[in-house]
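Residue-level listing of the chains:
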Amino acid sequence: MNYYTISQLAQEFDISTRTIRYYEERGMIAPMRTETGQRLYTKKDRAVLKLILRGKRFGFSLEEIHEMISLFDKDRTGRKQLERTIEYGEKKLKEVSERIEDLMQLKQEMEAILEDFKQRLKELGESDEHL
């Protein structure tokens, strides 16, 4: 069986070893230990770590990610995991859409203010010419 050290995983995923230890403290991954106490991660641990990082990138909380991952261990068909992931995914997509709408509105407001400022500056320049 192929094992990975904490340093190898940290380098591969461009994260700190502290981050990996934190996920271990949270019970999300569980490496084996050598007699000297060195952590050894399996391919499953590596896959879970990859899922955690992907979930974080998409904005899921660690609790949500942990739940989605642990559901696979409870239901090997993957059905419950997929259902929950879809549920969380739809919720997250709605949040992202709302954020985009808010940002678009903010952008329009900023453009209007900037245009107003430009017009004021132009008017000030024209009034200076009349002096």
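The structure reproduced in this document is the subject of the present report. (Residues numbered from 1 in each chain as written. Predicted model: local features only at pLDDT ≥ 70, side-chain atom pairs only at ≥ 80, totals over all residues. Heavy atoms only, no water.)

Secondary structure summary: the protein contains five helices and two strands in total. Going from the N terminus to the C terminus, the protein shows its helices and strands as α-α-β-β-α-α-α. The C-alpha extent of the protein, read off along each of the three principal axes, is 90 × 35 × 20 Å. Within the span of the protein, comprising 131 residues, buried residues form 24% of the whole. A fraction of 49% describes how many contacts in the protein between residues 6 or more apart in sequence connect residues 24 or more apart. In the structure as shown, the protein presents an accessible area of about 10,000 Å², 54% of it carried by carbon and sulfur atoms. (Helix = DSSP H or I, 4+ residues; strand = E, 2+ residues; numbered from the N terminus. Buried < 20%, exposed > 50% of the residue type's maximum accessible area, 1.4 Å probe, protein only. Contact = heavy atoms within 4.5 Å. Areas by Shrake-Rupley, 256 points an atom, 1.4 Å probe, with all protein chains shown as cover.)

Our focus in this paragraph is the pattern of salt bridges. Where side chains of opposite charge bring their charged atoms close, a pairing between them can arise. By the definition in use, this model includes 13 salt bridges. A salt bridge links R18 to E25, with the nearest nitrogen and oxygen atoms 3.1 Å apart. R18 gets classed as partly exposed once you look at its relative accessible area, which sits at 40%. The shortest N-O distance in the salt bridge between R84 and E67 comes to 2.0 Å. One end of the pair, R84, is in helix α5 (residues 79-129); the other, E67, is in helix α4 (residues 62-74), and 17 residues separate them in sequence. By relative accessible area, which is 26% here, R84 ends up partly exposed. The class of E67 is partly exposed, set by a relative accessible area of 24%. What you see here is one network of salt bridges that share partners, running through E24, R33 and R39. (Salt bridge = Lys/Arg side-chain N within 4 Å of Asp/Glu carboxyl O.)

Our focus in this paragraph is the packing of aromatic side chains. Taken as a whole and judged by the stated rule, the model has one aromatic pair. Consider the rings of Y22 and Y23, whose centres lie 6.1 Å apart with planes at 55°: the pair is tilted. Judged by its relative accessible area of 34%, Y22 falls in the partly exposed class. The class of Y23 is buried, set by a relative accessible area of 6%. The aromatic ring of F58 is capped on one face by R57, whose charged end is 4.9 Å from the ring centroid. (Phe/Tyr/Trp six-rings, centres within 6.5 Å; stacked < 30°, edge-to-face > 60°. Lys NZ or Arg CZ within 6 Å of the ring centre and 35° of its normal.)

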